[in-house]
Amino acid sequence: MVAKQIQVADGTYEWVWEEESEYSSEGTIVVPVTPPGAYPWYWVFQGYEQDVYEIWDVFDNPEIFGNIATFHFYSPAGADEMIVQVTRDPNVTFDPQGVYSRTTPISYGFEGAAQVDLTQVPGTGDLFWWRLGARNRRSATPPRPWPLHLGNDYGWVWSERLAFAISPLSRASLLHQQREAVTRSELRGVRLPRRTAAERVHRAE
């Protein structure tokens, strides 16, 4: 069973449950897919306190470390594939020429994450837009946007669009932290013994 949102009156929608797949009058399979949720945070359950209160840790979504952004998501009902799209401002319409996309197969109720190297996103600038798309590959009828003139939205059921910024200062700070981590690991590493003079290889002139 999957949830499907239908319009029951002007401006009024209701959620109904249907079988996972249904057939159109043309005999093609149609799988209803609910919109995925894109959120600026994600939550990790840590346990209970005195068997009463649930403890959750909250993290930024996406998580940024250096040039890598990790996007966390849950799969929506009816979907078996997700896509993460990232673009730079001012491409808020997600014109395909300026979009970096990454797809991943999923299962219902799946909690997943996708990593994107922000240096691979076309363009320049430190303000990024991102969204999630969902679809069912078994469905012979791909989703269409509303209104229909949104040509960049065909084939997927989309989440809302969210933005995040990376300042040059934060990038420099993260790079500095990475260099410090590498230096610490090198200091803790085992030094190899140096070759003796007899073991050295001399280049013939």
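Here the structure is shown first, and the text comes after it.
Now for a description of the structure that goes with this document.

The next thing to look at is the overall build of the chain. When its secondary structure is counted, the chain shows 1 helix and 14 strands. Residues classed as buried in the chain amount to 31% of the 205 residues present. Restricting the contact set of the chain to residue pairs at least 6 apart, pairs at least 24 apart contribute 60%. Here the chain displays about 14,100 Å² of accessible surface, and carbon together with sulfur accounts for 53% of that area.

To continue, consider the pattern of salt bridges. For the coordinates displayed, the defined rule picks out 4 salt bridges. Put simply, arginine 137 and aspartate 80 hold a salt bridge, and the shortest N to O gap is 3.4 Å. Of the two residues, arginine 137 is situated in the loop between strand 12 (127-135) and strand 13 (157-158) and aspartate 80 in the loop between strand 8 (68-74) and strand 9 (81-88); the sequence distance between them amounts to 57 residues. When its relative accessible area of 14% is taken as the criterion, aspartate 80 is described as buried. What you see here is one network of salt bridges that share partners, running through Arg131, Asp153 and Arg161.

Let us now look at the environment of tryptophan 43. Along the chain, tryptophan 43 falls in strand 5 (residues 41-49). In the structure, tryptophan 43 is positioned 16 residues away from phenylalanine 59 in sequence and 6.5 Å away in space, judged by C-alpha atoms. Not counting chain neighbours up to four residues away, the residues in contact with tryptophan 43 comprise Trp56, Asp57, Val58 and Tyr74.

For strand 8, the tally of buried residues reaches 5 of 7 residues, placing the bulk of the element in the interior. Bridging between strand 7 (residues 63-65) and strand 8 involves 3 bridges; their strand directions are antiparallel. Paired with glutamate 63 across the two strands is threonine 70, which belongs to strand 8. Two successive antiparallel strands, strand 7 and strand 8, enclose a turn made up of 2 residues, where glycine 66 displays a positive phi of approximately 65 degrees.

What counts, and at which threshold
For every chain, the first residue of its written sequence is number 1, and the numbers climb from 1 along that sequence. Two thresholds apply to this predicted model, a pLDDT of at least 70 for residue-level local features and 80 or more for giving and counting side-chain atom pairs, whereas whole-chain, interface and lining totals are computed over all residues. Remark: hydrogens and water are excluded; side-chain values derive from all non-hydrogen atoms of the structure. Runs of E in the DSSP output that reach at least two residues are strands. Runs of H or I that reach at least four are helices, and both are numbered from the N terminus. Residue exposure (1.4 Å probe, protein chains only): buried if accessible area is under 20% of the type maximum, exposed if over 50%, otherwise partly exposed. The contact rule is simple, with two residues in contact once any of their heavy atoms fall within 4.5 Å. Areas reported as accessible are Shrake-Rupley estimates using a 1.4 Å probe. Residue values count occlusion only from the protein chains shown. In the sections that follow, a salt bridge refers to a side-chain nitrogen of Lys or Arg positioned within 4 Å of a carboxyl oxygen of Asp or Glu. Should DSSP find at least two bridges between two strands, the strands are regarded as paired.

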